[in-house]
Amino acid sequence: HYATMHKWFHLFLRFAVGSQMISYGLAKAVPMQMPFPYLTRLVQPYGSFSPMGVLWSSVGASPAYEMFVGSVELLGGILLLIPRTSLLGVLVCLAAVSEVFVLNMTYDVPVKLLSFHLILMSLFVLLPDLRRLLGVIFTARDKLLDSARANRIASIVQIALLCTIVAVQGFGARSGWYQYGGGAPKSPLYGIWNIETFTANGEVQPPLLTDKDRYRRVIFDRPGGMAFQRLDDSFVAYQSTIDTTAATITLTKPAAVLRFKREGDDRLIIDGALESRTLHLECKLQDRAKFTLINRGFNWVQDYPFNR
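The rules behind these values
Residues numbered from 1 in each chain as written. Predicted model: local features only at pLDDT ≥ 70, side-chain atom pairs only at ≥ 80, totals over all residues. Heavy atoms only, no water. Helix = DSSP H or I, 4+ residues; strand = E, 2+ residues; numbered from the N terminus. Rg over C-alpha atoms; globule rule 2.2 N^0.38 Å. Buried < 20%, exposed > 50% of the residue type's maximum accessible area, 1.4 Å probe, protein only. Contact = heavy atoms within 4.5 Å. Areas by Shrake-Rupley, 256 points an atom, 1.4 Å probe, with all protein chains shown as cover. Salt bridge = Lys/Arg side-chain N within 4 Å of Asp/Glu carboxyl O. Phe/Tyr/Trp six-rings, centres within 6.5 Å; stacked < 30°, edge-to-face > 60°. Lys NZ or Arg CZ within 6 Å of the ring centre and 35° of its normal. Pairing = 2+ DSSP bridges. Core = buried A, V, L, I, M, F, W, Y, C linked by side-chain atoms within 4.5 Å. Expected span 1.5 Å × (residues − 1). Patch = residues over 30% accessible without salt bridge, like charges linked within 9 Å, V, L, I, M, F, W, Y side chains within 5 Å. Axes fitted to C-alpha atoms, helices over the stretch in contact; angles between N-to-C directions. Parallel < 35°, antiparallel > 145°, perpendicular 65-115°, else oblique. Left-handed = near helix turned anticlockwise from the far one by under 90°. Nonpolar A, V, L, I, M, F, W, Y, C, P; charged D, E, K, R; others polar.

S.K.: Could you give an account of the overall build of the protein, with specific residues and numbers?
M.R.: Helices and strands together make up the secondary structure of the protein, namely nine helices and nine strands. Relative to a compact globule of 308 residues, whose C-alpha radius of gyration would be 19 Å, the protein shows 29 Å and is clearly more extended. Viewed in the frame of its principal axes, the protein has a C-alpha envelope of about 90 × 55 × 35 Å. The buried share of the protein, taken over its 308 residues, is 33%. Contacts spanning at least 24 positions in sequence make up 54% of the contacts within the protein whose residues lie at least 6 apart. By element, 65% of the accessible surface of the protein is carried by carbon and sulfur atoms, the whole surface being about 19,300 Å².

Below, the structure is given as structure tokens:
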């Protein structure tokens, strides 16, 4: 009686997972779930995107990729519902839904619990075949050499080579993290500075959209560079060196030296000659925490999608 109920429950879970995968797969194979970005999205500042909005827009911007992902989910669901291919199907479904779960967790998509349940159900469906599957995975491959001793040495050499590759690549990844990744040093003037007062050659220039020479922001990110954002949202970037002791910003191409003064943590004044203009800029630091992309955070339970 218990064995019979187990078989029926196993069948129920197969169809539960398979039907969900077919549903989600079709919504992507025919790219509807994540549509191509709407016109309003194309002109929206990136910082105002929510994490879910970033995922939806990036996947939607590549219909071919969305169709590929949907086809994988659809294939897994179909294979799972065919008795003879159910093992292959549940493996495909488990891989696909695991990726979906990670995306849901890291991009604040509200179906976190559903995708996690689909993982658990897939594992339960896989359970009767798990021992056989592990046996196939861990079965010894064809021997390289004739003697057992030589094959043991060959295995040790392969493991040593594996450790060497991981160590070398790991060292490179660590160096890259502190060189140009998230651990790289930041500019001494790090931040997005909104230019509230723009004075050129002694004349105050209001922020008129028709003024192509008026800067809207000055941005300092990594050491060695800075960028001005114009009112039309285009950028002009410069290589720069900041001397905090002398309070100077030295630019190259074109060569120029600007002086700066900090007035509190959120005020910055920049003076100097740049490209045939004498500039006086009064700037206010923009609070990064006000960007939706930054302040949204993690939400395990959501009543509604926060797709902004």
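S.K.: Residues and numbers for the pattern of salt bridges, please.
M.R.: Under the counting rule described, the total for this entry stands at nine salt bridges. The salt bridge partner of K112 is D108, with a shortest N-O separation of 3.5 Å. On the basis of relative accessible area, K112 is assigned to the buried category, the value being 0%.

S.K.: Can you break down the environment of G76 residue by residue, with the values?
M.R.: Within the secondary structure layout, G76 lies in helix α4 (residues 63–81). Sequence-wise, G76 and L13 are 63 residues apart; in three dimensions their C-alpha atoms are separated by 14 Å. Excluding its chain neighbours within four sequence positions, the residues that come into contact with G76 are G89, V92 and C93.

S.K.: Lay out the packing of aromatic side chains in plain terms, naming residues and giving numbers.
M.R.: Scanning the entire structure with this criterion turns up eight aromatic pairs. Here the aromatic rings of F9 and F124 are separated by 5.3 Å at their centres, their planes lie at 75 degrees, and the arrangement is edge-to-face. Placement of the pair is F9 in helix α1 (residues 2–29) and F124 in helix α6 (residues 112–126), with a sequence separation of 115 residues. Here F9 falls in the partly exposed class, since its relative accessible area comes to 40%. On the basis of relative accessibility, which here comes to 26%, the residue F124 falls in the partly exposed class. Put simply, the rings of F198, Y215, F228 and Y238 touch in pairs and so form one group of aromatic residues. Looking at R41, its charged tip hangs above the ring of F49, at a distance of 4.4 Å from the centre.

S.K.: How would you sum up the side chain of S187? Please name residues and give values.
M.R.: Considering the arrangement of structural elements, one finds S187 in the loop between α8 (148–179) and β1 (191–200). S187 has contacts with F220, D221, R222, P223 and I242, leaving out every residue within four places of it along the chain.

S.K.: Residue-level account of the pairing of strand β7 (residues 256–262), with values.
M.R.: Pairing analysis gives four bridges linking strand β6 (residues 248–252) to β7, with the strands arranged antiparallel. When the bridges of β7 are listed, L251 appears paired with A256. Taking the residues that link successive antiparallel strands as the turn, the β6-β7 hairpin has three residues, and the phi of K253 there is positive, at about 55 degrees. With five bridges connecting them, β7 and strand β8 (residues 267–274) associate as antiparallel partners. The partner of K261 across the bridge, within β8, is I269. What sits between the antiparallel neighbours β7 and β8 is a turn of four residues, in which G264 has the positive phi angle 85 degrees.

S.K.: Give me the nonpolar core: which residues, what numbers.
M.R.: The biggest cluster of nonpolar side chains holds 25 residues, and the ones touching the most others in it are V218, F220, F228 and I249. Of all the elements in the fold, those that place two or more residues in this core are β1, β3 (215–220), β4 (225–230), β5 (235–243), β6, β7, β8 and β9 (277–285). Formed by 15 residues, the second largest nonpolar core is a distinct cluster that contains M21, V90, A96 and F101.

S.K.: Lay out the environment of G18 with the relevant residues and their values.
M.R.: Relative to the helices and strands, G18 resides in helix α1. Once the C-alpha coordinates of G18 and V90 are considered, the two residues, 72 residues apart in sequence, prove to be 8.4 Å apart. Every residue in contact with G18, bar those within four places of it in the chain, is listed here: G77, L80 and L81.

S.K.: Which residues make up α4, and what are the values?
M.R.: Taking 1.5 Å of rise per residue, 19 residues should cover 27 Å, and α4 covers 27 Å from first to last C-alpha, within 8% of that figure. Among the residues of α4, E66, V69, G70, E73, L74, G76, G77, L79 and L80 are the ones counted as buried.

S.K.: Pulling in residues and values, what's your account of a nonpolar patch on the surface?
M.R.: Nonpolar side chains collect at one region of the surface, where L127, L130, L134, I137 and F138 lie side by side and expose about 490 Å² of accessible area between them. For F138, the position within the fold is in the loop between α7 (130–137) and α8.

S.K.: An account of the packing of helix α5 (residues 86–106) against α6 is needed here, citing residue identities and associated values.
M.R.: Put simply, α5 and α6 touch, their axes get as near as 9 Å, and they point 155 degrees apart. By the angle between their axes, α5 is roughly antiparallel relative to α6. Here the hand of the crossing between α5 and α6 comes out left-handed. Contacts between α5 and α6 involve L87, V90, L91, L94, V97, S98, V100, F101, N104 and M105 from the first element and K112, S115, F116, L118, I119, S122, L123, V125 and L126 from the second. Each residue belonging to the contact of α5 with α6 can be placed in one class, and the counts come to 14 nonpolar, four polar and one charged.

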